[in-house]
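Here is how the chains run, residue by residue.
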Amino acid sequence: MALKLRSQMPELDGATTWLNGEYSKSDLIGNKPTLIHFWSISCGLCKEAMPNVNEFRDQYKDKLNVVAVHMPRSEKDLDLEEIKKVAEEHDISQPIFVDSEHKLTDAFENEYVPAYYVFDEEGQLRHFQAGGGGMKMLTKRVNRVLGIKE
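Here goes a summary of the coordinates provided. As the structure is a computational prediction, the values presented were derived from the model and not from experiment.

Observations concerning the overall build of the protein chain
Inference 1: Helix and strand content of the protein chain: five helices and six strands.
Inference 2: Reading the helices (α) and strands (β) of the protein chain from amino to carboxyl end gives β-α-β-α-β-α-β-α-β-β-α.
Inference 3: Taken over the C-alpha trace, the protein chain has a radius of gyration of 14 Å; the compact-globule value for 150 residues is 15 Å, and the two agree within 12%.
Inference 4: For the protein chain, the spread of C-alpha atoms along the three principal axes comes to 40 × 30 × 25 Å.
Inference 5: The proportion of buried residues among the 150 residues of the protein chain is 47%.
Inference 6: Put simply, the protein chain shows about 7500 Å² of open surface, and 47% of that area lies on carbon and sulfur atoms.

Re the pattern of salt bridges
Inference 1: Taken as a whole, this structure holds six salt bridges when the rule is applied.
Inference 2: Note that Lys103 and Glu101 form a salt bridge whose closest N and O atoms lie 2.5 Å from each other.
Inference 3: Sharing partners across several salt bridges, the network here consists of Arg57, Asp58 and Asp91.

Concerning the environment of Phe38
Inference 1: As for its placement among the helices and strands, Phe38 is situated in strand S2 (residues 34-39).
Inference 2: For Phe38, a relative accessible area of 0% translates into the label buried.
Inference 3: Separated by 79 residues in sequence, Phe38 and Tyr117 have C-alpha atoms that sit 8.6 Å apart.
Inference 4: Those residues in contact with Phe38, other than ones at most four positions away along the chain, are Val69, Met71, Leu104, Thr105, Phe108, Asn110, Tyr112, Val113, Pro114, Ala115 and Tyr117.

Looking at the packing of helix H2 (residues 44-59) against helix H5 (residues 135-146)
Inference 1: Where H2 contacts H5, the axes come no closer than 11 Å and their chain directions differ by 15 degrees. The angle between the axes of H2 and H5 places the two elements in the roughly parallel class. Viewed along their axes, H2 and H5 form a crossing whose handedness is right-handed. Residue-level inspection shows Ala49, Asn52, Val53 and Phe56 of H2 in contact with H5, the latter providing Met135, Leu138, Thr139 and Val142.

Details of the side chain of Asp120
Inference 1: Checked against the element boundaries, Asp120 lands in the loop between strand S5 (115-119) and strand S6 (125-130).
Inference 2: The class of Asp120 is buried, set by a relative accessible area of 11%.
Inference 3: Here Glu122 takes part through its backbone nitrogen, which lies 2.9 Å from a polar atom of the side chain of Asp120.
Inference 4: When sequence neighbours within four positions are dropped, the list of residues in contact with Asp120 reads Pro33, Arg126 and Val145.

Thoughts on H5
Inference 1: Taking 1.5 Å of rise per residue, the twelve residues of H5 would be expected to cover 16 Å, and the 16 Å separating its terminal C-alpha atoms lies within 8% of that figure.
Inference 2: By the burial criterion, the buried members of H5 are Met135, Leu138, Val142, Asn143 and Leu146. One side of H5 carries all its buried residues, which in axial view fall inside an arc of 135 degrees. Turned more than 90 degrees from where H5 packs its buried face, Lys136 and Arg144 sit exposed.

About the cut-offs
Residues numbered from 1 in each chain as written. Predicted model: local features only at pLDDT ≥ 70, side-chain atom pairs only at ≥ 80, totals over all residues. Heavy atoms only, no water. Helix = DSSP H or I, 4+ residues; strand = E, 2+ residues; numbered from the N terminus. Rg over C-alpha atoms; globule rule 2.2 N^0.38 Å. Buried < 20%, exposed > 50% of the residue type's maximum accessible area, 1.4 Å probe, protein only. Areas by Shrake-Rupley, 256 points an atom, 1.4 Å probe, with all protein chains shown as cover. Salt bridge = Lys/Arg side-chain N within 4 Å of Asp/Glu carboxyl O. Contact = heavy atoms within 4.5 Å. Axes fitted to C-alpha atoms, helices over the stretch in contact; angles between N-to-C directions. Parallel < 35°, antiparallel > 145°, perpendicular 65-115°, else oblique. Left-handed = near helix turned anticlockwise from the far one by under 90°. Polar contact = N/O pair within 3.5 Å; in protein donor to acceptor, adjacent residues only side chain to side chain. Expected span 1.5 Å × (residues − 1). Arc of directions from axis to C-beta.

Dropping the structure here:
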């Protein structure tokens, strides 16, 4: 079962590597809400949803931290060059936590890609969703955490 609502954000420990910069939990807490999204190079739905995620990132860049977590689903997904290539192809310019040992995946108890976790600025989980689609719901939740009226 994934993290429960109102759970505290886990420490961002155990990355095999970071791409595009690096965050620690303390960098994220206390200044603005955070969207953490899990994806995988072998996941078609992730790639389809990426433009939406990037839109959040760009639209809310001053109001929202966005962190990508690459969660491998097979041996093939461990190829760092391939991760870099796919990240570039899909314009993933936000920091990417490469979770080849599933340390963060386990900390989040996450079983899905794509999966989206929205934390408020205190680092409490306010929304979780997994799978394709549902971007309207995610947008609503992000807006709510940002205090944006629809």
